[in-house]
Each structure stands twice: as C-alpha cells, then as structure tokens.
Amino acid sequence: MTTTSICDIFISGGGIAGLTAAAVFGTAGFDVICVDPTPPITESDTIGADMRTTALLQPARAMLMAAGIWEPLEPFSAALETMRIVDAGRPNGRLRDMKEFRASDLSESPFGWNFPNWRLKRELVNRLQTLRNVNFRTGVGAQSLFTRTAEARIGLTDGSTTLTKLVIAADGRASPLREAAGIPVHTTRYGQKALAFVVTHPVPHENVSTEIHKTGGPFTLVPLPNYDGTPSSAVVWMDDGSASLSRYKMPVDKFEAEITARSCQLYGPLTLKSKRSIWPIISQRAERLNGVRLALLAEAAHVVPPIGAQGLNMSLSDTQELLNLAKLRPEGLGDATMLDQYHKTRSKDIRLRLAGIDILNRTSQLKSAFLRDARSFGLKTLHEIRPVRHKLMRLGLGV
Ligand SMILES: Cc1cc2nc3c(=O)[nH]c(=O)nc-3n(C[C@H](O)[C@H](O)[C@H](O)COP(=O)(O)OP(=O)(O)OC[C@H]3O[C@@H](n4cnc5c(N)ncnc54)[C@H](O)[C@@H]3O)c2cc1C
C-alpha cells in the first residue's frame with residue numbers, strides 16, 4: 001500500500017538553500033515537507049563535510065532573524081567590514097594596485113558575515129527540529145512530478161506520495177524536478193575550477209575580505225573566527241581546470257608555498273588547516289523560474305562563479321520573494337498568479353547578477369598585458385568616483 005502525505009509546501013533538496021527555505025516557511029506557519037536523499041553533514045571532521053564557507057550579506061540578516069536562525073549562528077561568524085581588491089597583474093604576480101571598499105561608507109553594519117557551511121547546516125537542522133509543522137526527511141528523494149492546476153503530486157524514492165500546493169525545487173544545479181518539468185537551462189563553461197580550503201596566517205585579517213586578481217582567476221581570502229587562537233581565513237582560488245587539479249593533489253608543503261606566493265604574502269606564510277575541495281565553475285540560468293505549481297530556487301534556478309558572495313545570497317532573495325508572495329495571498333499559494341509574479345520579479349535581478357559576475361570572471365581570466373592594464377585602470381576609476389563606488393557596493397549587497 002502506498003502512503004500519501006499532504007502539506008502546503010514540498011521542498012526537494014536539503015542543501016543550505018532548501019534547509020533555509022524550510023525554516024523560513026515553517027516559521028511563517030506553513031506545513032512543510034523537505035526531503036533529501038543525502039543527510040546533511042553537520043561536523044567539520046566528517047568525511048564529505050562541506051569545508052566551504054558562505055558569506056551571508058547584510059540584507060539576508062532580517063529574514064534569518066525572523067526565521068529564528070540568526071541568533072544561534074551569529075557567535076560562529078566573522079564580520080566582513082572591508083572588501084579589498086588587489087591587482088597582482090604585474091609580471092611574476094607582483095602587486096600593481098590595491099583598492100579598499102569599506103562598509104562604514106554606507107552604514108554602521110558590516111557588508112556581511114562569514115560562516116563555515118557545515119556549521120550553517122548544523123544550526124539549520126537544529127532549527128527545523130524545533131518546528132512541529134516541518135518534516136525534514138533524509139534518505140529519500142523526489143522522483144516524479146505530476147502537476148494539475150489545483151495541486152501537485154510528488155512521487156518519492158521510497159514509493160510514497162506527497163500532495164501539495166507549492167513545490168520548491170532546491171535540489172541543486174542538476175535539479176531532477178526542473179528536469180521533470182522540462183524547463184531548459186543556459187549554461188556557460190569557463191574551463192576553470194575553484195579550490196576551497198581554510199588557512200591560518202600570522203597577520204590578522206582585521207575583518208578584511210581580500211580578492212587578489214591575476215591571470216586565471218581571483219584568489220579570495222574571507223575572514224573566519226580565530227582557529228586555535230590564530231587568525232584564520234577561508235580561501236577560494238579560481239584558476240584553469242588543469243592547474244587547479246594539479247594543486248588539489250600537490251603535497252601540502254609545496255601547496256602552502258604556492259598559496260603564500262599567490263596571496264602576495266599579504267598575511268604572511270599561509271598554513272593549510274583543512275582538506276582541499278574542488279568545484280567546477282559554471283554560470284547557469286533556468287529559462288523560467290516556475291512551472292505549474294513549481295518554483296525553482298537557488299542553484300536549481302541559477303549558478304554563478306563564486307565572486308562577490310552572490311550565489312547563496314541570490315537564493316535567499318528568491319526565498320524572501322516567495323515568502324512575500326505567499327503571505328500576501330495565502331489562498332493563492334502555488335497558483336499561476338503567484339508563480340508568474342515570482343518569475344517576473346526575480347528573473348531581472350538574476351540576469352543582471354549573472355551578467356555582472358560573468359564580466360568580472362572573464363576580466364579576471366585575462367592574459368594579455370594590454371587588457372590587464374585596462375582592468376587596472378577600470379578598477380581605479382570605479383573606486384575613485386565616490387557615487388559610483390557607493391552604487392557598486394549597494395549593488396553587490398543587493399540593496
Ligand atoms: C567554492 C564556492 C564558494 C562559494 N561561496 C559562496 C559565498 O561565499 N556566498 C554565497 O552566497 N554563495 C557562495 N557559493 C555558492 C553557494 O555555495 C551555493 O549557492 C549553495 O551552496 C547552493 O546551495 P543549493 O542548496 O542550491 O544546492 P546544493 O548545495 O547542491 O543542494 C542541493 C541538494 O539537493 C539534493 N538533491 C539532489 N537530488 C535530489 C532529489 N531527487 N530529491 C531531493 N533532494 C535532492 C542534494 O542531495 C543536495 O543536498 C559558493 C560556491 C562555491 C562553488
């Protein structure tokens with residue numbers, strides 16, 4: 001006999017985006033079922049732990065506070081007060097120029113706060129356990145989707161069925177539910193891979209996030225709380241795929257020498273404190289953000305290279321928009337009016353950010369000396385004109 005469950009909102013995917021959406025909608029009073037075939041890893045030293053960090057930008061805080069997530073998370077964060085952009089485009093990777101963008105130019109709040117991904121998952125799962133109207137099930141995935149105007153029916157891998165008004169596909173860049181709904185994607189491949197890892201360094205970061213540009217892609221150090229009393233940062237290093245792969249396998253002492261040189265010694269010698277993880281870099285956009293009774297969220301809807309901490313923050317804007325629409329007209333949850341509006345409101349911002357990050361990434365890959373000079377000139381000009389500088393910072397924050 002097949003079992004059938006009923007809920008207001010079904011979320012496919014328990015990555016950071018799906019878990020956050022479950023907490024947000026559960027706290028707002030909706031009955032939520034969220035499923036993921038893979039249980040989230042919520043310890044740093046477990047095999048397969050996501051050692052990346054996520055910088056949550058200022059505008060996300062209010063939503064996370066309202067969903068009861070912010071308070072338990074905050075003690076584990078490092079604030080991002082300053083963004084420093086370094087051009088290391090001189091021969092031998094020497095410094096050419098350095099510009100700083102300060103959050104205090106805009107307001108008293110930092111640009112954002114940086115968290116280890118495993119910690120974010122742990123606090124999100126803890127929060128879901130306190131919400132009686134949220135059922136988070138692991139070891140089971142969404143397998144089929146059948147939609148009608150009045151409701152959606154999702155077949156799960158354990159043979160059970162769920163009936164719901166709104167399906168949220170937060171099941172990643174290869175989203176099975178997006179595929180099931182036949183929504184095409186546009187994908188750009190850059191030939192790059194990103195290495196992500198954690199380091200300690202003798203020079204304190206003073207809450208400055210540093211993005212060092214050189215041919216191949218940016219090398220970004222994002223502040224973390226001290227590691228065993230020593231200043232620490234999360235690093236994302238984007239470069240050509242083959243170069244990244246060989247560094248992924250390199251002996252630790254050789255790797256530490258490379259990352260210290262690539263960081264222009266700004267924080268002194270870097271010591272590796274985590275495993276290295278490697279990520280393919282693509283840009284991807286779903287042609288539509290909605291189907292019948294279906295909303296695409298996060299990487300199911302859009303993927304961007306990790307520049308300017310935009311990826312998950314765009315996903316939180318998706319969630320905020322869905323929540324606004326659901327609260328505005330609860331009786332229309334998941335109907336065509338709600339989901340067409342979701343597509344309309346979010347797709348403009350998503351296209352703009354994808355285009356902006358694409359330009360930044362291509363600029364950071366530049367090989368020709370002339371074009372690298374143009375990059376340096378562009379950075380200087382953008383930084384020196386105060387209204388342009390402020391506008392850029394606001395745009396980056398998503399306000
Ligand atoms: C190196 C790197 C650094 C980054 N840094 C930042 C940053 O600083 N700030 C920022 O905002 N963003 C950052 N991002 C982007 C951010 O990590 C992603 O946007 C985010 O992790 C994606 O989350 P997601 O939940 O959409 O996808 P995923 O994490 O891929 O989650 C999808 C989930 O769906 C599940 N799933 C798959 N199939 C099914 C199924 N059939 N049924 C149910 N569930 C299923 C999977 O098991 C998985 O758990 C970074 C990305 C990279 C690569």
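Whatever comes next refers back to the structure up there.
Residues numbered from 1 in each chain as written. Predicted model: local features only at pLDDT ≥ 70, side-chain atom pairs only at ≥ 80, totals over all residues. Heavy atoms only, no water.

J.: Help me understand the layout of surface pockets, please; the structure alone is not making it clear to me.
T.: Vacant regions in the atomic arrangement are exposed by a probe of water-molecule size rolled over the atoms. Its volume calculated, the second largest pocket comes out at about 360 Å³. Lining the second largest pocket are 18 residues, with Ser-44, Pro-116, Trp-118, Leu-224 and Tyr-227 positioned closest to its centre. It is strand S14 (residues 219-227) that provides the largest number of residues to the lining of the second largest pocket, a total of 4 residues. Grouping the constituent residues of the lining of the second largest pocket by class yields 8 nonpolar, 5 polar and 5 charged. (1 Å grid on protein atoms, 1.4 Å probe; cavity = no way out; pocket = protein on both sides within 12 Å on 5 of 7 lines; lining within 4 Å. Points joined across faces, edges and corners; volume = space filled by probe spheres on them. Helix = DSSP H or I, 4+ residues; strand = E, 2+ residues; numbered from the N terminus. Nonpolar A, V, L, I, M, F, W, Y, C, P; charged D, E, K, R; others polar.)

J.: I tried to follow the pattern of salt bridges on my own but got confused; where do I start?
T.: A side chain of one charge can pair with a side chain of the opposite charge if their charged atoms are brought near each other. Inspection of every chain in the model, using the stated rule, returns 15 salt bridges. Here Arg-247 and Asp-239 are joined by a salt bridge, their closest N and O atoms 3.0 Å apart. A salt bridge links Asp-335 to Arg-329, with the nearest nitrogen and oxygen atoms 2.9 Å apart. For Arg-329, a relative accessible area of 28% puts it in the partly exposed group. By sharing partners, the salt bridges in this structure join Asp-318, Arg-346, Asp-349 and Arg-353 into a single network. (Salt bridge = Lys/Arg side-chain N within 4 Å of Asp/Glu carboxyl O. Buried < 20%, exposed > 50% of the residue type's maximum accessible area, 1.4 Å probe, protein only.)

J.: Even after reading the chapter, I still don't get the sheet that holds strand S7 (residues 112-116), so can you show me in this structure?
T.: Across a sheet, strands are paired by hydrogen bonds formed along the backbone, either parallel or antiparallel in direction. Spatially, 3 strands are ordered S3-S7-S4 in an open sheet, and the strand pairing comes out antiparallel. This sheet does not close on itself; its edge strands, each paired only once, are strand S3 (53-57) and strand S4 (78-80). When the angles between neighbouring strand axes are averaged without regard to direction, this sheet yields 30°. Two strands pair when backbone bridges link them, and S3 and S7 are joined in this way by 5 bridges, in the antiparallel orientation. By the bridge assignment, Ala-55 is partnered in S7 with Asn-114. Together, S3 and S7 form the strand contacts of helix H4 (residues 117-129), whose direction differs from that of S7 by roughly 90°. (Pairing = 2+ DSSP bridges. Axes fitted to C-alpha atoms, helices over the stretch in contact; angles between N-to-C directions. Contact = heavy atoms within 4.5 Å.)

J.: Quick question: what am I supposed to make of the side chain of Arg-178 here?
T.: In this fold, Arg-178 is placed in helix H5 (residues 176-180). No salt bridge is formed by the buried Arg-178; the nearest opposite charge belongs to Glu-179, separated by 4.2 Å. Ignoring sequence-local partners within four residues, the contact set of Arg-178 consists of Gly-172, Arg-173, Ile-183, Val-185, Gln-284, Ala-286, Leu-296, Glu-299 and Ala-300. (Lys, Arg positive; Asp, Glu negative; His and termini not counted.)

J.: Looking at this structure, how should I read the site of the ligand?
T.: Around the ligand there are 28 residues in total, and Asp-36, Ala-55, Ala-142, Leu-312 and Asn-313 lie nearest to it. Within the side chain of Asp-36, one N or O atom sits 2.6 Å away from an oxygen atom of the ligand. For the ligand, an oxygen atom lies 2.7 Å from a polar atom in the backbone of Leu-312. Residue assignment for the shell around the ligand shows that the elements contributing at least two residues are helix H1 (16-27), strand S2 (32-36), S3 and helix H8 (311-328). Here the residues of the shell around the ligand are counted per class, giving 13 nonpolar, 11 polar and 4 charged. (Near = heavy atom within 4 Å. Polar contact = N/O pair within 3.5 Å; in protein donor to acceptor, adjacent residues only side chain to side chain.)

J.: Explanation requested: the environment of Ala-67 in the structure shown.
T.: Position of Ala-67 relative to the elements: it lies in the loop between helix H2 (60-66) and helix H3 (70-73). In this structure the C-alpha to C-alpha distance between Ala-67 and Gly-26, which are 41 residues apart in sequence, comes to 8.1 Å. In this structure, Ala-67 is in contact with Ala-23, Val-24, Thr-27 and Arg-127, ignoring residues within four places of it in sequence.

J.: I would appreciate a short explanation of the environment of Ser-233 in the present structure.
T.: Locating Ser-233 in the fold gives a position in strand S15 (residues 230-240). Discounting chain neighbours no more than four positions away, the residues touching Ser-233 are Phe-197, Val-198, Val-199, His-201, His-205, Leu-221, Val-222, Pro-223 and Leu-224. A polar contact is formed between the side chain of Ser-233 and the side chain of His-201, at a distance of 2.8 Å.

J.: Sorry, what's going on with the pairing of S2 here?
T.: Within S2, 5 of the 5 residues are buried, which leaves the element mostly enclosed by the surrounding structure. Along S2, one buried face is formed by Val-32, Cys-34 and Asp-36 and the opposite face, lined by Ile-33 and Val-35, is buried too. As judged from the 4 bridges shared by strand S1 (residues 4-12) and S2, these two strands associate in the parallel manner. Note that in S2 the partner of Ser-12 across the bridge is Val-35. Remark: the S1/H1/S2 crossover connection has right-handed handedness. Bridge count between S2 and strand S8 (residues 134-138): 5 bridges; the pairing is parallel. The residue of S8 that forms the bridge with Asp-36 is Thr-138. (Right-handed = clockwise from strand over helix to strand, strands pointing away.)

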